[in-house]
Amino acid sequence: MAKTTHLIHHPYAPPEGFVAPQFPTYRASTVIFPNVSTMRARDWKQKSGYTYGLHGTPSSFTLEERLASLEGAKFCQLVPSGLAAIALVNLSLLKCGDEVLIPSNAYAPSLALALGELAHYGITHQLYDPLNTADLAQKISGNTRLVWVEAPGSVTMEFPPIEAIVQLCRDKGVLSALDNTWGAGLAFNAFNLYAQDKTPLSVDISIQALTKYASGGGDVLMGCVCTCDESLNHKIKLTHMRLGLGVASHDVETVLRSLPSMQLRYTTQDVTAKFLANTLSVREEVAQVLHPAIQSSPGHMNWLNSCGNTLLAASIFSVIFRPDYSQDQVDLFCDSLKYFKIGYSWGGHISLVVPYDLKMIRPALFNGIDQNADGQALSAGSQVKGSTDSLKPGHLVRLCIGLEDAEDLTSDLEQALQTAFHNS
Ligand SMILES: Cc1ncc(COP(=O)(O)O)c(C=O)c1O
């Protein structure tokens, strides 16, 4: 055997039985079969064997199983980002002529997808008021196939009546899909809910941006799609394969490593976030704090209903500063923070801050504005009046609380408030 071949086909095999606390990382595009008949016998859709890197490795199967348990689901599919999880659900379940209903406070790129690709494929959408099930009920038509739920909504944090929405979807025979990034499988059980009369209820699909709490380090993009329904999982799996939505093994390794500490991180961040939200809610500079655990926050009673067992509320909330301040002052507040860094995303160890222009991210809620942040026109049916009614006027800033000490974050906020609003 030539040396070059020897370097590739060396007879040495390490002894079996190596066991370590962390799961090994398997990286593969090619999977090697022992013989042709095994190759022919293997079904890429089954997790009993391996066929090709895109269809799963021991690392990705392990993470999928752990996430399915976390969510209380039977099946889980990993995808390269949270947004890819939203896209996968839409593209698996919707066809030309179908309609999808999206809450008016949804994660903005989810709406952009509906305005872009879904519209191109002849799939229509309407926005609904997440705090008004009557509005949703009258928007569900014969074409409605899927209703998205986000608990709470992005940035403005309205917490919807999840159980009532899921019950309505059941009654009307349409599928419900929850963006469960905030709940993370910890604040409430999406597949084990209860209707008002205490009958068990379940969402059909739950997605998470693992980018946030599951990864926890601000260094990985990943998402997952979970379900208890075998036929839905089959559809999702087929579309996943056809779109080639594989995840990188090192990213899987990172999430597997972070997952055991997720509950500890989530609960610690939750306590600090509640403390800071309460502290800010009594400040004279602040018109309103949008945090589901705060009584005056829109949908607070819905949060209590869904998360009453855990009283968890994650670690992201928004503050509306009084309208008599200037945008420059609010920007100076963000710039003056030392521990809070300016950046998107949430759920990681570093606290983050972002000022938002409500008129840009919720165009449909403001009369006379019919474009979203990317300048795309909203479809005619997209206009919805609704939950801005519960928002006070002013300048909105979103805070995501990391793992820093609560007192340090409090003094950081205090000095930034002084610098921005009291140094004339
Ligand atoms: C509620 C929610 N869903 C989904 C996503 C998308 O996650 P990713 O950044 O992994 O695409 C985000 C990202 O911020 C989010 O906030």
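Residues numbered from 1 in each chain as written. Predicted model: local features only at pLDDT ≥ 70, side-chain atom pairs only at ≥ 80, totals over all residues. Heavy atoms only, no water.

K.L.:
Which residues make up the overall build of the protein chain, and what values go with them?
P.N.:
The number of helices and strands found in the protein chain is 14 helices and 14 strands. Taking 424 residues into account, the globule formula puts the C-alpha radius of gyration at 22 Å, and the protein chain, at 23 Å, falls close to it. Dimensions of the protein chain along its principal axes, counting C-alpha atoms only, are 80 × 55 × 45 Å. Sorting the 424 residues of the protein chain into buried and exposed places 53% on the buried side. Sequence separation of at least 24 residues holds for 75% of the intrachain contacts in the protein chain that already meet a minimum separation of 6. With an accessible surface of roughly 19,500 Å², the protein chain has 54% of that area assigned to carbon and sulfur atoms. Placing the 30 positive and 39 negative side-chain charges of the protein chain at their respective mean positions leaves the two points 8 Å apart. (Helix = DSSP H or I, 4+ residues; strand = E, 2+ residues; numbered from the N terminus. Rg over C-alpha atoms; globule rule 2.2 N^0.38 Å. Buried < 20%, exposed > 50% of the residue type's maximum accessible area, 1.4 Å probe, protein only. Contact = heavy atoms within 4.5 Å. Areas by Shrake-Rupley, 256 points an atom, 1.4 Å probe, with all protein chains shown as cover. Lys, Arg positive; Asp, Glu negative; His and termini not counted. Charge placed at Lys NZ, Arg CZ, Asp CG, Glu CD.)

K.L.:
Residues and numbers for the site of the ligand, please.
P.N.:
Of all residues adjacent to the ligand, which total 13 residues, the nearest are G82, L83, D179, T211 and K212. T211 places a side-chain nitrogen or oxygen 2.5 Å from an oxygen atom of the ligand. Between the ligand and W346 there is a distance of 3.0 Å, counted from an oxygen atom to a side-chain nitrogen or oxygen. In terms of residue class, the shell around the ligand is made up of five nonpolar, five polar and three charged. (Near = heavy atom within 4 Å. Polar contact = N/O pair within 3.5 Å; in protein donor to acceptor, adjacent residues only side chain to side chain. Nonpolar A, V, L, I, M, F, W, Y, C, P; charged D, E, K, R; others polar.)

K.L.:
Quick rundown of the nonpolar core? Include the residues and the values.
P.N.:
L63, V147, W182, F188 and Y266 are the most contacted members of the largest nonpolar core, which has 64 residues in total. The leading source of residues in this core is helix α7 (residues 162–172), at five residues. When sequence neighbours within four positions are dropped, the list of residues in contact with F188 reads A151, F159, I162, L178, N180, W182, G183, L193, S306 and C307. The next biggest cluster of nonpolar side chains, apart from the first, holds 29 residues, and it includes A114, L115, L118 and I205. (Core = buried A, V, L, I, M, F, W, Y, C linked by side-chain atoms within 4.5 Å.)

K.L.:
Before we move on, could you go through helix α3 (residues 58–71) and cite the residues and values that matter?
P.N.:
Over its 14 residues, α3 extends 20 Å from the first C-alpha to the last, a length consistent with the 20 Å expected when each residue adds 1.5 Å. Among the 14 residues in α3, 10 count as buried, and that is most of the element. P58, S59, S60, F61, T62, L63, E64, L67, A68 and E71 are the residues of α3 that are buried. Buried residues belonging to α3 abut β1 (75–79), β8 (205–209), β9 (223–227) and α9 (249–258). (Expected span 1.5 Å × (residues − 1).)

K.L.:
So what's going on with the domain arrangement of the protein chain? Which residues, and what values?
P.N.:
Taken domain by domain, the protein chain consists of domain 1 (49–259) and domain 2 (261–421). Look at where the C-alpha atoms of domain 1 and domain 2 centre, and you get two points 23 Å apart. Between domain 1 and domain 2, the residue contacts involve 44 residues of the former and 50 residues of the latter. Across the domain 1/domain 2 interface, buried area totals approximately 3,700 Å², and carbon plus sulfur atoms make up 61% of it. Taken together, the links from domain 1 to domain 2 amount to zero salt bridges. Looking at the side of domain 1 that touches domain 2 residue by residue, the class counts come to 24 nonpolar, 14 polar and six charged. (Domains from an automatic or database assignment. Buried area = accessible area lost by both parts, 1.4 Å probe. Salt bridge = Lys/Arg side-chain N within 4 Å of Asp/Glu carboxyl O.)

K.L.:
Tell me about the pairing of strand β3 (residues 124–128), and please be specific about residues and values.
P.N.:
Judged by how many residues are buried, β3 sits mostly within the fold: four of five residues are covered. As paired strands, strand β2 (residues 99–103) and β3 are joined by five bridges and run parallel to one another. Counterpart to I102 in the pairing with β3 is L127. (Pairing = 2+ DSSP bridges.)

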